[in-house]
Amino acid sequence: MTGRQKPAPNSGRGGRYVLRVAGLGYLALLLLAPLSLVFWRTFEHGLGPAWGAVSNPAARHAILITLVITAIAVPANTVFGVVCAIVVVRHRFRGKGIVNALVDLPLALSPVVVGLAFLLLYGQSGWFGSWLTEHGIQVVFALPGMVLVTIFVSLPFVVREVVPVLREIGTEQEQAASTLGASSWQTFRRITLPAIRWAVTYGVVLTTARALGEFGAVSVISGRIVGKTETMTLHVQERYQAFDYVGAYASAVVLALLALTTLVVLNVVRREEPRGDRAEPGHEAVR
Amino acid sequence: MVEAAAARPASPARPGAALAQGFVTAYLSVIVLLPLAAVVWRAGDGGRRRLWEAISNDQALAALKLTLAASVAVAVINAVMGTVIAWILVRDRFRGQSVVNAVIDLPFALPTVVAGLTLLALYGPNGPVGVNVAYTRTAILLALLFVTLPFVIRAVQPVLLELDREMEEAAASLGAGSLTILRRIVLPNLVPAILSGVALAFARAIGEFGAVVLISGNLPFRTEVASVYIFGRIESGDPQAAAAISTVLLAISLAVLFGIGGLRRWATRYERA
Amino acid sequence: MAIALNQVTKRFGSFVAVDNVSLAVAGGSLTALLGPSGSGKSTLLRIIAGLEQPDAGEVAILGHDATRVPPQKRGVGFVFQHYAAFKHMTVFENVAFGLRVRKARQAHVRERVHELLELVQLSGFADRYPAQLSGGQRQRMALARALAPEPRVLLLDEPFGALDARVRKGLRAWLRRLHDEIPVTTVLVTHDQEEAMEVADRIALMNEGRIEQTGRPRDLYEHPASEFVMTFIGPVNRLDESYVRPHDLELHLEPNGTTREAMITRVLHLGFEVRVELVLDDGAAVSSQVTRDEAEALDLEDGQIVYVRPSRSTVFEGTRASADR
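Residues numbered from 1 in each chain as written. Chains lettered and ligands numbered in written order. Predicted model: local features only at pLDDT ≥ 70, side-chain atom pairs only at ≥ 80, totals over all residues.

This next bit is on the overall build of chain A. What chain A contains, in helices and strands, is 13 helices and 0 strands. Helices and strands appear in chain A in the N-to-C order α-α-α-α-α-α-α-α-α-α-α-α-α. Projecting the C-alpha coordinates of chain A onto the three principal axes gives extents of approximately 70 × 65 × 30 Å. Residue burial in chain A is summarised as follows: out of 287 residues, 48% are buried. Across chain A, the fraction of contacts at a sequence separation of at least 24, relative to all contacts at a separation of at least 6, is 77%. (Helix = DSSP H or I, 4+ residues; strand = E, 2+ residues; numbered from the N terminus. Buried ≥ 20, exposed ≤ 12 C-beta atoms within 10 Å, placed from the backbone. Contact = placed C-beta atoms within 7 Å.)

Moving on: the pairing of strand β4 (residues 56-61) of chain C. All names here are of chain C. Note that strand β1 (residues 3-12) and β4 share 5 bridges and pair antiparallel. Counterpart to Ala-4 in the pairing with β4 is Ala-60. Relative to strand β5 (residues 64-65), β4 runs antiparallel, the two sharing 2 bridges. Paired with Ala-60 across the bridge in β5 is Asp-65. Between β4 and β5, which pair antiparallel one after the other, the connecting turn spans 2 residues, and Leu-62 there sits at a positive phi close to 50 degrees. (Pairing = 2+ DSSP bridges.)

We now examine the sheet that holds β5(C). All names here are of chain C. Spatially, β2-β1-β4-β5 is the arrangement adopted by the 4 strands of the open sheet, whose pairing is antiparallel. A single partner strand is all that each edge strand has here, and the edge strands are β2 (15-25) and β5. Packed on one face of the sheet, helix α1 (residues 41-49) meets β1, β2 and β4 and runs near 60 degrees to β2. (Axes fitted to C-alpha atoms, helices over the stretch in contact; angles between N-to-C directions.)

Bringing the domain arrangement of chain A into the picture now. Residues and elements named next belong to chain A. Considered domain by domain, chain A is made up of domain 1 (11-44) and domain 2 (47-272). Here the C-alpha centroids of domain 1 and domain 2 sit 31 Å apart. Across the boundary between the two partners, domain 1 contributes 6 residues, which contact 7 residues of domain 2. (Domains from an automatic or database assignment.)

Moving on to the domain arrangement of chain B. Where interface size is quoted, it is often the accessible area lost as the parts come together. Residue and element names in this part refer to chain B. Examined at the domain level, chain B breaks down into domain 1 (12-44) and domain 2 (57-271). Centre-to-centre, using C-alpha coordinates, domain 1 lies 31 Å away from domain 2. If you look at the interface, domain 1 gives 4 residues, while domain 2 gives 6 residues. Of the residues in the side of domain 1 that touches domain 2, the class split is 3 nonpolar, no polar and 1 charged. (Nonpolar A, V, L, I, M, F, W, Y, C, P; charged D, E, K, R; others polar.)

Residue and element names in this part refer to chain B. Counting all residues, the mean pLDDT for chain B is 90, and 94% of those residues have values of 70 or more. Least confident of the elements in chain B is helix α1 (residues 2-7), whose mean pLDDT is 42; most confident is helix α4 (residues 58-90), at 96. Predicted confidence for residues 1-13 stays below pLDDT 50, and this span has 14 contacts to residues more than four positions away or in other chains. On the interface metric, ipTM, the complex scores 0.88, and its pTM is 0.84. (pLDDT = per-residue confidence, 0-100.)

What follows covers the pairing of β1(C). Residues and elements named next belong to chain C. Strand direction decides the pairing type here: β1 and β2, joined by 7 bridges, are antiparallel. Residue pairing in the sheet places Val-8 in a bridge with Val-21 of β2. Adjacent in sequence and paired antiparallel, β1 and β2 are bridged by 2 residues, among which Gly-13 carries a positive phi angle near 65 degrees.

With that out of the way, let us pick up the sheet that holds strand β16 (residues 285-291) of chain C. Residues and elements named next belong to chain C. Pairing is antiparallel across the open sheet formed by 5 strands, whose spatial order is β13-β17-β14-β15-β16. Looking along the sheet, the strands with just one partner apiece sit at the ends: β13 (249-252) and β16. Strand-to-strand twist of the sheet, defined as the mean angle between neighbouring strand axes without regard to direction, takes the value 45 degrees.

Moving on, we come to the interface of chain B and chain A. Taken residue by residue, the interface counts 88 residues in chain B and 86 residues in chain A. Counted by class, the side of chain B that touches chain A contains 63 nonpolar, 14 polar and 11 charged residues.

Time to look at the nonpolar core. Formed by 175 residues in total, the largest nonpolar core has its most connected members in Leu116(A), Leu117(B) and Ala143(B). Element by element, the count of residues in this core is highest for helix α8 (residues 137-162) of chain B, at 15 residues. Once you skip the residues sitting within four places of it in the chain, Ala143(B) turns out to touch Ala115(B), Gly116(B), Leu119(B), Ala211(B), Val212(B) and Ile215(B). Among the nonpolar cores identified, the runner-up in size contains 93 residues, and Ala171(B), Ala17(C), Leu188(C) and Val244(C) belong to it. (Core = buried A, V, L, I, M, F, W, Y, C linked by C-beta atoms within 7 Å.)

Let us now look at helix α12 (residues 226-235) of chain B. When you tally the buried positions in α12(B), you get 8 out of 10 residues, the bulk of the element. Ala226(B), Ser227(B), Val228(B), Tyr229(B), Ile230(B), Phe231(B), Arg233(B) and Ile234(B) are the residues of α12(B) that are buried. The secondary structure elements touched by the buried residues of α12(B) are α5 (111-122) and α11 (216-222) of chain A together with α4, α10 (178-207), α11 (210-215) and α13 (239-267) of chain B. Looking one or two residues past α12(B), Gly237(B) carries a phi angle of roughly 75 degrees, positive in sign.

On to the environment of Ala60(C), then. Residue and element names in this part refer to chain C. Along the chain, the position of Ala-60 falls in strand β4. A count of 16 C-beta atoms within 10 Å places Ala-60 in the partly exposed class. Taking the C-alpha atoms as reference points, Ala-60 and Val-18, 42 residues apart in sequence, are found 17 Å from one another. Once you skip the residues sitting within four places of it in the chain, Ala-60 turns out to touch Ala-4, Asp-65 and Ala-66.

This paragraph deals with unusual backbone geometry. All names here are of chain C. Although it is not a glycine, Gln-7 adopts a positive phi angle of roughly 50 degrees. Mapping Gln-7 onto the fold places it in strand β1. Residue class for Gln-7 comes out exposed when judged on the 12 C-beta atoms lying within 10 Å of it. Of note, Glu-158 is a non-glycine position whose phi angle comes to about 45 degrees, a positive value. Structurally, Glu-158 can be placed in the loop between β7 (153-157) and α5 (165-181).

Quick look at the structure:
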């Protein structure tokens, strides 16, 4: 949202330009210039090498793994997010503070620590290690572990977007529906869900972006086995460390394009939402 | 009145409510609580001495010190630049303003490892402008500034928008010049928002991994941050040390969040009638 | 003249908020800028304060051209409808602000602030924050704040608009008393004609960016210059081509040559005043105001047929007003 205001009366002409230059210069040097350069470097030798870099088997597998993980994590967190938001706002029970703290925790934790945590639970010498080995289930260094950590890190977004909206709309419409004979499920489907749909959409977009971009936690838990447990982000690192810069940049560009798409979608959704304080799009999307 | 209506509970006897609560509790326990407990428990597993050794050895301390110093520096820079950028997005008017506003969210949407890569491309060994900060502490600062960019900006923007312009007009009618108005009217009202943004930026910075891992070179005692050190301990098969430092990081995060939360409440004491 | 506006015009895009307005405000007077929403009165006030720049015309304060002078240097005190309290400062610091900006000595600041707080009856509230005050208290604080640096002119922009009716009435009377005690040249913007009539020495009635009439309250009431003025100030009935004040509409029980037939739809007993709502033979609704005694003497009831006659009416041709009996 760019809410704009009249420039302050008597704000010094010179002062205004200084601020503008300082702010825009900072953004250019930190964000725009580096990103543009990567796009340039990827395509400076033409589309061919770039395409080759993302269509080889390892890269294709990384894309597949990333999509599979995201396709599991996002719906799971969406369902959880909506249910949790309703429980937190509309129900009364003790321990609401703990629920809120736990939901926010993924935002305060380093992703490496997240990976460690799941390793300690499901790794060979972990709490469930022996039980898993007995039953032949592989969680760490395999897809299930990667899915779990991705769910962890992308957990808060739908909840945090939906909670304030639920609070704001209040219970009156839902109460009116129940006096008119609607069951709780009907009320939920016809009254609550439509009211929160933009908040949910916004949260889903943030969740997806976060899941796609996860790096630290999957790095720890996946073992980074090329062609087996590599996500796109891990692939970028692997290519770079193998001195295949074109390969690294090309994969990075794919991810960057997804990120830019995310930005566009976020902006569109923001405009649909009537909320006035839509300026912070959730605090975290990717690590 | 509306508050009471919103808080009116669904009858707990409804089976739907119990199911929902059960689902939420189970999900959170399995996904968040259990893993967290595992880390904290592992940190202390092996006794107090091993815990102390894990935390107080030179390399660990160096990593922690570097992380804290870099995060504080980044928090301060963000407090200033974040406010400046929020200002020009709200109070100024120039071509492409809405594009700039949208771009602010890029660090939220871009994978951290890609962020690190882009910075490396421009400011690393093969960079076109001849600047090479790879494997230096400057690189760490750069990477952290990238990923923490939106926090202060997004915290300050709505406050700036809601700021009662009449307060500034009143100050002008009482004889205050633009600089005085900025200093005595605008900034004091922005401080709580800046503090919020700084807290979030700090918490994010101390745990950052992906953006830093490529560009900093991870040289122990020089450019190794805490998250990278933890990663190293895991790879070396020393999960206990990793868990110990992780717990320290978590404790610092929580302490800062609570501390700044308290500071914020103090700074806005005038709001509570 | 304390304030002299000469042919001031202000446009916002294609909308003309103030249209070639000239106005003179005498020193020490309390003048009301009255008018409906959108009439330009707030804009005009802000132009006097320097918070808006006119597109044409001049503003002079105490004889000096102030058109290009910034608000900081005009020596005007301004009070806003929504108080514009410095919410992060105590009541004391709010009132002291204008003095601190002028680098007054601490002792002088303390003295003057307490003097003013006593004047506005907020003596015990010096250390409170605006959030802890009621609306009326906040507005009194705002007034004290505006008066602290001894402005030459005091401007109030719908100062009581955000307060509830009772507080509004009380503060209105209080403001008048304050002005009698400290006769700073004051301009008050309001849309409430009752307020203007009660408080002001002179009223400037605005409509669509222009001044329709200036004068004493009673002049505007008794000798309105236009249809707009007559209908805006005080209740009025329209009888064919002429306007009649309710208290000028006589009620008779028997017809005579000059009366018209009407049926009473409602008799409202509002204390001393009795308002009689009537419907004329052509369906037009009018009201008459009689005293309690007159109503009793006539023994009025709903549904009764009576005969009405204006004792005084006003006709406007273009902008000319003529009164005939």
